[in-house]
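In case you want the letters, here they are:
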Amino acid sequence: MLNLKEIAIERGVSIEQQFTDTYKQHMDSHKSIREAKCLEVLFPASLGDIQEGDLFAGRIEPPLIGFSPDEWGQTAFGYYCEKDAIKELLNGDSISAQDKETLSELLEFWKTENTSTKLRNRYPDKMSEYLPSDNWMGDSGIAFPLYRLTGGNINYRKLLSLGIPGMMEEIQRQKASANGDPEFYDGARIVMEAFINSAHWYAEQARSKADKTSDDQRAADLRDMAQALENITQRTPETFREAIQLFWLYSTISDVRNHGRMDVYLGDFLANDLNQGRLTDAEALRLLQSLWQLMADKDTVVHNRVIIGGKGRPNEENADRFALLAMEATRTVLEAEPQLSLRFYDGQNPELMEKALDVIAEGRTFPMLYNDDVNIPSVQKAFGFSEDLAEQYVPYGCGEYIIDHKSFGTPSGVINLLKALEVTLHNGWDPYDERKMGLSLGTFEEFRTFEDLWDAYKEQVEHSVEIMADQESLEYEVAGEEASYLYMSLLYDGCLERGKGMFSGGIDYLGGTLETYGNTNIADSLTAIKQLVYEDERMSKSELLEALDSNFERYEDVRRLLRNAPKYGNDDPVADEMYLRVHNHVCNYVRKQKDRTDLHSYLVVNINNSANTLMGRQTSASADGRLAGTSMANGNNPTSGYDENGITAFLNSIAKPATDIHAGAVQNMKFGPEMFTKHREKLESLLETHFDNGAQQAMISVVDKNILEQALNEPEKYRHVFVRVGGFSARFVDLDRDVQQEILERTLYQ
């Protein structure tokens, strides 16, 4: 992520001061006007300069205090204040005494005015009691709130069809029809003018840089950039270059970090330029490579999701041309972003899948593969959408699903299922953090049967799920009260017509998602407890608890029994049935929350990113044989090294969980290079069978174990090695050591 502290050191804090002054001036104004005036301060002031090699303008240098739907640091959402970074600056000597005095005053003001704090202050007693502090990465807990409104996918096709002048006309037309709040439309006009000013600012900068360079090619590129920027303020885009420039600058300013079905809204521009001879294939690739690099440089870690392929595209031939170009850009730009995702279905142009596997074979980890033949009916059932709506599903972030520019479903909460069992076994007490954390439902000894334990575990989970659903609903309520989120709302269906922000009744489908972690570990733990404690009586309840609480010191024999119990990932009916029991319970109970909240949907996303490692650090030893503080299993995958029956058994297990009761689940696979070279036909057959068996997606790393081990010791030599972490990819050498170790331990199929 961008380092806001370093930006402030270099730039000073004038933007933070002006932003705060503007906010104070408009505290009593309509929320749309206040937001618009604050955004006027940010743009173009917080935009980054055009860098050497850029073919498009659009870089961001966000201030320590500002406005965003997403997160900068840990506590951003709406009006944000990066308090931790500010405190570091106040305690150091990297800024002037005057800037320190200014920041100290601003920090005091924003302690209560930032939107996340306003949300936290609205928590009812029960929510405050059971939810930990705002830094979930450092706390132990069953469930945690995430303060963000992430995952927006706006209607870029509409933006490129109308252009900026057309958008301004649409705003005025809707205001004249008196369908909505006049101030909403006035705010919309202000932010569009800020966008136009930003485009002019960049155009002037591009011309200035062109005049100063002695490189003829670079000068021509900069003048082309300046012309494109001027053109998009005056008319609809006419070329591939202009379309990309309008898309990217709007994405940057709106801070929308996922980009939907890019082949739909850019495919026609590409095809027209190629057909009319305005571009060659090589020139088109050069343009897209620059866009890919801009996304990578933004370094969102888990975002910049670009979708290609799939059903429901209006012009598949042109879209396919873009999709193939996008995969070539991904092959040639060696970065962890954008996260390219290929939707596919039976009957789609086979060239797309062939190209996808070629790119993956080179170690790119992209594109991720999404099976429309499973996903579309699953989205229909899980969300209650029609088939036409479900065809427009898009994965975002780490793999959650929403409907392109029609629905919203930010993952604003996480739940650690393994911690829920840990706390249940200790009668509501967290042995890791040594404090009361959950419901007191009885001691382990009092659970006479396994079903007694299962019922207590379910009650513990359901208690946290209800709190998180209420928190999600409250977050939207506070968000809607505080701002209209104008840049997003302008391109979300329904908002302009209703004259309302997207969190104030503007969109039809406002849902939420809950990230689940520890799914595999809890299932394997319950399998072991059921078999070894309740059925075979190989150990007593007290002996198991003592072993867990001592992290298996002097209980190696107990740990060996636990590790040898049936494990998910081996096509073992006992282990897999327990996984399905855990999966069905949490997914269905989360899904039921829509009936007791005002959310259109509330669904599980089992998208484990590196949080399986981060949350594992605060989780004690578990009954699957896992040691305290170590990683939990990743996503819908077996625990690393426990899938011992081969690739077919592994694929059979991970295809079993129902896909139509949640909003996305990660399926990570690690293959050796020879599977894509010597055994390509076998690999294709395995994947085809896997998807025919009902699998919804695959995220594939192609790596050599020896290379990963060498990268641990000589990282400077292996920056070219990429891996799937969970729902996102990263350079292996950039990951924390325990995350690297967890990835290294995953079974490699070759």
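Provided above is the structure to which this section pertains.
To start, this report covers the structure provided alongside it. Treat the numbers as computed from the prediction; the structure is a model and nothing was measured.

**Quick word on the overall build of the protein chain**
Right, so step 1: On a plain count of helices and strands, the protein chain comes out with 32 helices and 21 strands.
Right, so step 2: For the protein chain, whose C-alpha radius of gyration is 26 Å, the value lies close to the compact-globule estimate of 27 Å for 750 residues.
Right, so step 3: Principal-axis analysis of the C-alpha atoms gives the protein chain an extent of 80 × 60 × 55 Å.
Right, so step 4: Counting every position in the protein chain, which comprises 750 residues, the buried fraction comes to 64%.
Right, so step 5: A separation of at least 24 residues holds for 75% of the contacts in the protein chain among residues at least 6 apart in sequence.
Right, so step 6: With the model as given, the accessible surface of the protein chain reaches about 26,400 Å², and the carbon-plus-sulfur share is 43%.
Right, so step 7: The positive charge centre, built from 77 side chains, and the negative charge centre, built from 123, are 0 Å apart in the protein chain.

**Points about the packing of helix α3 (residues 31-42) against helix α9 (residues 182-212)**
Right, so step 1: Packing of α3 against α9 brings their axes to within 8 Å, and their N-to-C directions diverge by 10°. Taken together, the axes of α3 and α9 are roughly parallel relative to one another. Contacts between α3 and α9 involve S32, I33, A36, K37, L39 and E40 from the first element and E183, F184, D186, G187, I190, V191 and A194 from the second.
Right, so step 2: Taken together, the residues of the contact of α3 with α9 break down into seven nonpolar, two polar and four charged.

**Some words on the sheet that holds strand β5 (residues 143-145)**
Right, so step 1: Judged by pairing direction, the sheet is mixed, and its four strands sit side by side in the order β5-β12-β16-β17 without closing on themselves. Edge positions in the open sheet fall to β5 and β17 (602-605), since each of these has one partner strand only. Direction aside, neighbouring strands of the sheet carry axes that sit 25° apart on average.
Right, so step 2: Summarising the sheet, strand β16 (residues 512-517) and β17 pair through four bridges and their orientation is parallel. The partner of G512 across the bridge, within β17, is Y602.
Right, so step 3: Docked against the sheet, helix α18 (residues 417-425) engages β12 (411-416) and β16, running at close to 45° with respect to β12.

**Points about the pattern of salt bridges**
Right, so step 1: If you walk through the whole model with that rule in mind, you get 52 salt bridges.
Right, so step 2: Salt-bridge contacts for E481 lead to R122; the nearest nitrogen and oxygen are separated by 2.9 Å. Here E481, found in helix α19 (residues 450-482), pairs with R122, found in the loop between α6 (115-121) and α7 (125-130); they are 359 residues apart in sequence, far enough to count as distant.
Right, so step 3: Judged by its relative accessible area of 39%, E481 is partly exposed.
Right, so step 4: Residue R680 is joined to D358 by a salt bridge in which the shortest nitrogen-to-oxygen separation is 3.0 Å. A residue pair is termed long-range when its members are at least 10 positions apart, and R680 in helix α30 (residues 680-692) and D358 in helix α15 (residues 350-361) qualify at 322 residues.
Right, so step 5: What makes D358 partly exposed here is its relative accessible area of 37%.
Right, so step 6: Because the salt bridges share partners, they merge into one network encompassing D70, D255, R257 and K298.

**Overview of helix α16 (residues 372-383)**
Right, so step 1: With 12 residues, α16 extends 16 Å from end C-alpha to end C-alpha; this agrees with the ideal 16 Å at 1.5 Å per step.
Right, so step 2: Along α16, the residues that are buried comprise D372, V374, N375, I376, S378, V379, A382 and F383.
Right, so step 3: Of the residues that open α16, the one with a side-chain oxygen 3.1 Å from the backbone nitrogen of D373 is N371.
Right, so step 4: Directly beyond the C-terminal end of α16, a positive phi value near 80° is found at G384.

**Things to note about the layout of surface pockets**
Over the atoms rolls a probe the size of a water molecule, and in doing so it shows where empty space is left.
Right, so step 1: Reported here for the second largest pocket is a volume of approximately 590 Å³.
Right, so step 2: Residue lining of the second largest pocket: 20 residues in total, with F344, Y345, M353, E688 and F691 positioned closest to the centre.
Right, so step 3: Elements with a minimum of two residues in the lining of the second largest pocket: α15, β8 (368-371) and α30.
Right, so step 4: Broken down by class, the residue content of the lining of the second largest pocket amounts to nine nonpolar, four polar and seven charged.

What counts as what
- Residues numbered from 1 in each chain as written.
- Predicted model: local features only at pLDDT ≥ 70, side-chain atom pairs only at ≥ 80, totals over all residues.
- Heavy atoms only, no water.
- Helix = DSSP H or I, 4+ residues; strand = E, 2+ residues; numbered from the N terminus.
- Rg over C-alpha atoms; globule rule 2.2 N^0.38 Å.
- Buried < 20%, exposed > 50% of the residue type's maximum accessible area, 1.4 Å probe, protein only.
- Contact = heavy atoms within 4.5 Å.
- Areas by Shrake-Rupley, 256 points an atom, 1.4 Å probe, with all protein chains shown as cover.
- Lys, Arg positive; Asp, Glu negative; His and termini not counted.
- Charge placed at Lys NZ, Arg CZ, Asp CG, Glu CD.
- Axes fitted to C-alpha atoms, helices over the stretch in contact; angles between N-to-C directions.
- Parallel < 35°, antiparallel > 145°, perpendicular 65-115°, else oblique.
- Nonpolar A, V, L, I, M, F, W, Y, C, P; charged D, E, K, R; others polar.
- Pairing = 2+ DSSP bridges.
- Salt bridge = Lys/Arg side-chain N within 4 Å of Asp/Glu carboxyl O.
- Expected span 1.5 Å × (residues − 1).
- Polar contact = N/O pair within 3.5 Å; in protein donor to acceptor, adjacent residues only side chain to side chain.
- 1 Å grid on protein atoms, 1.4 Å probe; cavity = no way out; pocket = protein on both sides within 12 Å on 5 of 7 lines; lining within 4 Å.
- Points joined across faces, edges and corners; volume = space filled by probe spheres on them.

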